[in-house]
Amino acid sequence: MCGIVGYTGNHEAAPILLEGLKKLEYRGYDSAGIAVMNGNAISLNKVSGRISNLCEKTDDGKATPGHAGIGHTRWATHGAPTVVNAHPHMSNDGKFAIVHNGIIENYLLLRDELQQKGYHFNSQTDTEVVVHLIDMYYNGNLKDTVIKVASILQGSYALGVVCADDPETVVAAKKSSPLLIGVGNGENYFASDVTALVPYTRDIIYLDDGEFAEITREKVVVFDSTGKDISKEINHVNWDIQAAEKGGYEHFMLKEIMEQPNAVNATMTTRLKDGDIVWDDPGLDALDLSSFNKIVITACGSAYYAGCAGRYAFEQLCRIPVQVELASELRYNDPIIDEHTLLIVLSQSGETADTIAAMRECMSRGASALSIVNVVGSTIAKIADYTIYTWAGPEIAVATTKGYTTQLTVLYLLALWMGKKLGKLDDERFNLLLESLKTLPDSIQEALDMNPMIPELAKKYHQAKAVFFIGRNTDYAVALEGALKMKEISYIHAESYAAGELKHGTIALIDDHQPVVALCCNAGLQEKTISNIVEVKARGAEVLAVTCKGSEEIVSVADDIIYVPQTETVFSAAAEIIPLQLLAYYVAKENGCDIDKPKNLAKSVTVE
Ligand code: AGP
């Protein structure tokens, strides 16, 4: 939620800040602002709405001269997405400006105290207390003042602070929200995400919680809460700039859908060696699997749905009980978890607040945490005992696609590896399943290629008031994710149901022309799902079936059919989701929706 950037150097700051904000806009996009040091004054520009409004207001930054500054793109939590609530926030005398990503939990108390001392508040945000505290505690040394103020704050923050007394310095602080420093030559940067930095530098310092940085054009000094300098490693990132560009596609989402064969391949191949699964991820090979009596998978949104699909693989291949829990629920459930629990945490961003909280709760009860994360160096990756990265590359569209399929890939690899290690799969079955898993990138490519009529189907369904997604077992897991894709980008009400549950209530909603997407790829349960298709057809539903070639019976009952390649049932979700991603995409496109940035959402949900 929210993206922040900072710059100090030889170039004009505003255009660099604006470019950085454009890269971070996926994190929040309801208002934006920049503060640029102009001599000993701070010039502030804020807008409601998108970064494009800010570019227009500042003539692409040309109207705001200066060589250092900070910027922010917002996903509103405290206070409406208005200009006054947009960041940066300034002290009453205009001497300090700050940007903040996170939530200050004790802001009400602090605001009362500050108001009593005569500070005037312009906004409804939690953030504004921070700038007034800085003003109150300022002793001529910005670095010391930020340390002092940070010690008073409860909650999470990535902060960027500038002070008119020192127009070339930017101070940053991190606690539980992402913050990276970009190290350049005669210029330095900070940002919430590496995508904002790679156009300028690939030398990155990942700040840890409780760390601060004093950034000038010549150097970056990282220090702890006692003010002591800390020596930090500079990491060289290899991310291709083009990976964070649209590359000729109309939307990031479509580009990312098309990237899935490569992303899944990249995630898998480094872990396949000599006919076996070998982890190149630290510590994993030494994991004592016999000490676990259950697996708990936790995540939010699509990552949770990947967990729902992955559960079948663990249960079938490892014969170990699996619970899949929404992180936002698990954190408050007083979970029955101990040192015999293997906790698998899924997150594309590695920064989802509920997932982090659930993870900490389970780890405090003794669970071993294995995270499956896409963003290198993210909070979840750092907290976990073990981390397996999904090598999907940057995912920019708010609706995840390659994040989800690469998470599935790691879950499948893990289940297969564990099944063998636990002695639940003999060599023959293991080899057979591994061979099948290796074909996943090709199956996904096939699923992309074999459905050129999806844009036409979208024209048929785009005016639906609601769409139901039904399926059983692995098909049900895909229905969950398919429905989420449809609702989050097309704003059409979409619900997923276990097909066998229809007659326990939901079938009452079915009447003439109600679109029902029937997932029917699980060979063992196909007959059962076909019965459910017949039941909804009898009540007037329009059925779009997703199935594998060869199931003739479906041809006679469904109105439309989307085919996907036949894969091993436990691994079927990865190819089966592809047409549903495309369907959601083209329906949203028909409806003129803002596909990459759906309303009310943000890519990285760093607040509860
Ligand atoms: C999916 O399309 C969503 N944008 C959302 O459900 C997402 O999967 C969820 O917020 C979890 O994010 P994470 O993987 O970064 O933790």
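Reading the values: rules and limits
- Residues numbered from 1 in each chain as written.
- Predicted model: local features only at pLDDT ≥ 70, side-chain atom pairs only at ≥ 80, totals over all residues.
- Heavy atoms only, no water.
- Near = heavy atom within 4 Å.
- Polar contact = N/O pair within 3.5 Å; in protein donor to acceptor, adjacent residues only side chain to side chain.
- Areas by Shrake-Rupley, 256 points an atom, 1.4 Å probe, with all protein chains shown as cover.
- Nonpolar A, V, L, I, M, F, W, Y, C, P; charged D, E, K, R; others polar.
- Phe/Tyr/Trp six-rings, centres within 6.5 Å; stacked < 30°, edge-to-face > 60°.
- Helix = DSSP H or I, 4+ residues; strand = E, 2+ residues; numbered from the N terminus.
- Buried < 20%, exposed > 50% of the residue type's maximum accessible area, 1.4 Å probe, protein only.
- Lys NZ or Arg CZ within 6 Å of the ring centre and 35° of its normal.
- Pairing = 2+ DSSP bridges.
- Axes fitted to C-alpha atoms, helices over the stretch in contact; angles between N-to-C directions.
- Contact = heavy atoms within 4.5 Å.
- Parallel < 35°, antiparallel > 145°, perpendicular 65-115°, else oblique.
- Core = buried A, V, L, I, M, F, W, Y, C linked by side-chain atoms within 4.5 Å.
- Salt bridge = Lys/Arg side-chain N within 4 Å of Asp/Glu carboxyl O.
- 1 Å grid on protein atoms, 1.4 Å probe; cavity = no way out; pocket = protein on both sides within 12 Å on 5 of 7 lines; lining within 4 Å.
- Points joined across faces, edges and corners; volume = space filled by probe spheres on them.

## A word on the site of the ligand
Neighbouring residues of the ligand: 15 residues in total, closest S347, Q348, S349, T352 and E488. Interatomic distance of 3.2 Å between a backbone N/O atom of S302 and an oxygen atom of the ligand. The separation between an oxygen atom of the ligand and a polar main-chain atom of Q348 is 2.7 Å. When isolated, the ligand has an accessible area of 410 Å², and the protein chains bury 90% of it. Of the residues contributing to the shell around the ligand, the split by class is six nonpolar, seven polar and two charged.

## A short note on the packing of aromatic side chains
Inspection of the entire model under this criterion finds ten aromatic pairs. Relative to F223, the ring of F212 has its centre 5.6 Å away and its plane inclined at 10 degrees; by these criteria the two rings are stacked. Linking F212 in strand 12 (residues 211-215) with F223 in strand 13 (residues 220-223), this pair joins segments that are eleven residues apart in sequence. When its relative accessible area of 4% is taken as the criterion, F212 is described as buried. Here the aromatic rings of Y389 and W391 are separated by 5.4 Å at their centres, their planes lie at 35 degrees, and the arrangement is tilted. Among the residues examined, Y389 registers a relative accessible area of 16% and is labelled buried. One aromatic cluster in this structure is built from Y7, Y189 and Y200. Positioned above the aromatic ring of Y491 is the side chain of K599, whose terminal nitrogen or guanidinium carbon lies 4.3 Å from the ring centre.

## A short note on the sheet that holds strand 24 (residues 493-498)
Here we have five strands laid out as an open sheet, ordered 24-23-25-26-27, and parallel in their pairing. Of all the strands in the sheet, just strand 24 and strand 27 (560-564) have a single pairing partner and so form its edges. Neighbouring strand axes in the sheet, compared pairwise and without regard to direction, differ in orientation by 20 degrees on average. Bridging between strand 25 (residues 515-520) and strand 26 (residues 542-548) involves six bridges; their strand directions are parallel. Residue A518 lies in a different strand from strand 26, and its bridge partner there is A545. In the packing of helix 17 (residues 526-538) onto the sheet, contacts are made with strand 23 (466-471), strand 25 and strand 26, and the angle to strand 25 comes to roughly 170 degrees.

## Overview of the sheet that holds strand 15 (residues 235-236)
If you walk across this open sheet you meet the eight strands as 3-2-4-1-10-9-11-15, and the pairing is antiparallel. Of all the strands in the sheet, just strand 3 (41-48) and strand 15 have a single pairing partner and so form its edges. Of the strand pairs in this sheet, strand 1 (residues 3-9) and strand 10 (residues 187-191) are connected by five bridges, and their pairing is antiparallel. Along strand 10, the bridge assignment pairs G6 with F190. Across the sheet, helix 1 (residues 13-24) touches strand 1, strand 2 (31-38), strand 4 (68-74) and strand 10, and the angle it forms with strand 1 is around 155 degrees.

## Here we look at the packing of helix 12 (residues 402-421) against helix 19 (residues 573-590)
Where helix 12 meets helix 19, the axes come as close as 10 Å, and the angle between the chain directions of the two elements is 170 degrees. The angle between helix 12 and helix 19 falls in the class roughly antiparallel. In contact with Y404, T405, L408 and Y412 of helix 12, helix 19 contributes A573, A574, I577 and Q581. For the contact of helix 12 with helix 19, a count of residues per class yields six nonpolar, two polar and no charged.

## Quick notes on the nonpolar core
Core analysis: the biggest nonpolar cluster contains 102 residues, and F314, L414, L416 and F469 have the highest contact counts within it. The greatest single-element share of this core, amounting to 13 residues, is contributed by helix 19. Residues contacting L416, with those up to four places away along its chain left out, are I277, L317, L425, F430, L433, L434, L437 and F571. Counting 28 residues, the second-largest nonpolar core is a separate cluster that includes F96, F121, V130 and L142.

## Overview of the pattern of salt bridges
In the structure shown here, the tally under the stated rule is 27 salt bridges. In this structure, the salt-bridge partner of D165 is K95, at a minimum N-O distance of 3.4 Å. Of this pair, D165 sits in the loop between strand 7 (155-163) and strand 8 (170-175) while K95 is found in the loop between strand 5 (89-90) and strand 6 (96-104), placing the two residues 70 residues apart along the sequence. Judged by relative accessible area, which is 43%, D165 ranks as partly exposed. Residue K95 is classed as partly exposed on the basis of its relative accessible area, which comes to 24%. For the salt bridge of E315 with R311, the shortest nitrogen-to-oxygen distance reads 3.4 Å. Remark: R311 and E315 occur in helix 8 (residues 301-318); sequence separation between them is four residues, near one turn of the helix. Among the charged side chains, a network of salt bridges with common partners joins D208, E211, K232 and K382.

## With respect to empty space enclosed by the protein
Throughout the structure, instances matching the rule amount to three cavities of 30 Å³ or more. Looking at the largest cavity, its volume works out to about 90 Å³. In terms of lining residues, the largest cavity is bounded by 15 residues, among which C2, T77, H87, G102 and D126 are the most central. Breaking the lining of the largest cavity down by element, the ones donating at least two residues are strand 4 and strand 6. The element contributing the most residues to the lining of the largest cavity is strand 6, with three residues. Among the residues making up the lining of the largest cavity, the classes are represented as four nonpolar, nine polar and two charged. Volume-wise, the second largest cavity comes out at about 50 Å³. For the second largest cavity, the full set of lining residues is V5, G6, Y7, I16, L17, G20, Y189, F190, A196, L197 and Y200. Those elements that place two or more of their residues in the lining of the second largest cavity are strand 1, helix 1 and strand 10. For the lining of the second largest cavity, the class distribution of residues is nine nonpolar, two polar and no charged.

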